[in-house]
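# Remarks on the overall topology
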Amino acid sequence: MLAIWRSILGLDTAYSECSIEQFDGININELISLRMRQWYLDLLHNADPALLPTADIASQCTRIARPNGATFIEPPADCVRVVEVRAATWPTALAPSPHNAPLKRLGHPYAAPSPTSPIAVSSRRGILVAPCAAAEALEIIAVTDPGADSYILDQSLLSSIPSKL
């Protein structure tokens, strides 16, 4: 990835069968590596999930039972964002809502979540889903961070690499 960035920034060295020594005042590779990581983290948070590494992280999540048939799900540390949640009793998967408005339905006798009308609400710490028992089978699809030195993405995203630092 560093070589791709150096090429896009116009910092490739052309070798012409001669010996060259170069002494820079700054460590340009370290600066590029920092910008690469920032760029990649921005992609993980904002790019189309179909172009990024996703995984079913349900087995790695902590589940905490809540009142009114809800469960709070705490994802693992490498989870950047949850894309879809589906309980075994739900007909379809849901993209978690970032708004708290669906939470008002939890205590409402007529609008309470049901298997045909579930809710999934995201917060900084995790996802609240209802109806869902803490032990119920879940599928949780999330964008995950493969680590500081790994860049897993669709090649079409390489066009978003900035041409200037």
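One structure accompanies this document, and this report is about it. Every chain's residues receive numbers from 1 upward, in the order its sequence appears when written. Given that this is a predicted model, residues contribute local features only at a pLDDT of at least 70 and side-chain atom pairs are listed and counted only at 80 or more, while totals for whole chains, interfaces and linings are drawn from all residues. Side-chain calculation: all heavy atoms of the structure are included, whereas hydrogens and water are not.

### Digging into the environment of Pro 162
Turning to its location among the elements, Pro 162 is positioned in the segment after strand S7 (138–144). The spacing of Pro 162 and Ile 32 is 130 residues in sequence and 11 Å in space, taken between C-alpha atoms. Helix numbers and strand numbers start at the N terminus; a helix is a DSSP run of H or I with at least 4 residues, a strand a run of E with at least 2.

### Focus on the side chain of Ser 97
Considering the arrangement of structural elements, one finds Ser 97 in the loop between strand S4 (79–87) and strand S5 (119–122). Throughout, a contact is declared for two residues whenever any of their heavy atoms are within 4.5 Å. Setting aside anything within four residues of it in sequence, one finds Ser 97 in contact with Pro 102, Ala 120, Val 121 and Ser 122.

### Here we look at the sheet that holds S7
Spatially, 3 strands are ordered S1-S7-S4 in an open sheet, and the strand pairing comes out antiparallel. Across the chains shown, the open sheet's two edge strands, defined by having one partner strand only, are strand S1 (54–56) and S4. The average angle at which neighbouring strand axes cross in this sheet is 25 degrees, direction not considered. The criterion for strand pairing is that DSSP finds at least two bridges linking the strands in question. Two strands pair when backbone bridges link them, and S1 and S7 are joined in this way by 3 bridges, in the antiparallel orientation. By the bridge assignment for S7, Ala 55 is matched with Ala 142. Where helix H2 (residues 28–46) meets the sheet, it contacts S4 and S7, and its direction lies at approximately 20 degrees from that of S4. The axes used here are C-alpha line fits, helices contributing only the stretch in contact, and every angle between their N-to-C directions lies in the interval 0 to 180 degrees.

### Describing H2
In this analysis, the expected span of each helix is defined as 1.5 Å times one less than the number of residues it contains. With 19 residues, H2 ought to run about 27 Å at 1.5 Å a step, and its terminal C-alpha atoms sit 27 Å apart, in line with that. Restricting attention to buried positions, one finds in H2 the residues Ile 32, Met 36, Arg 37, Trp 39, Tyr 40, Leu 43 and Leu 44. Summarising the axial view, the buried residues of H2 lie within an arc of 170 degrees, below the 170-degree limit, and thus occupy one face. Exposed positions of H2 whose direction lies more than 90 degrees from the buried face are Glu 30 and Asn 46. Whenever a nitrogen or oxygen atom comes within 3.5 Å of another N or O atom, the pair is scored as a polar contact, on the condition that within protein one atom can donate a hydrogen and the other can accept it, and that pairs from neighbouring residues in sequence are kept only if both atoms are in side chains. Its side-chain oxygen at 3.3 Å from the backbone nitrogen of Asn 29, Asn 27 defines the N-terminal cap of H2. Exposure categories follow from relative accessible area, calculated using a 1.4 Å probe and restricted to protein chains: below 20% of the type maximum is buried, above 50% is exposed, and the middle band is partly exposed. Directions drawn from the helix axis to the C-beta atoms are what define this arc.

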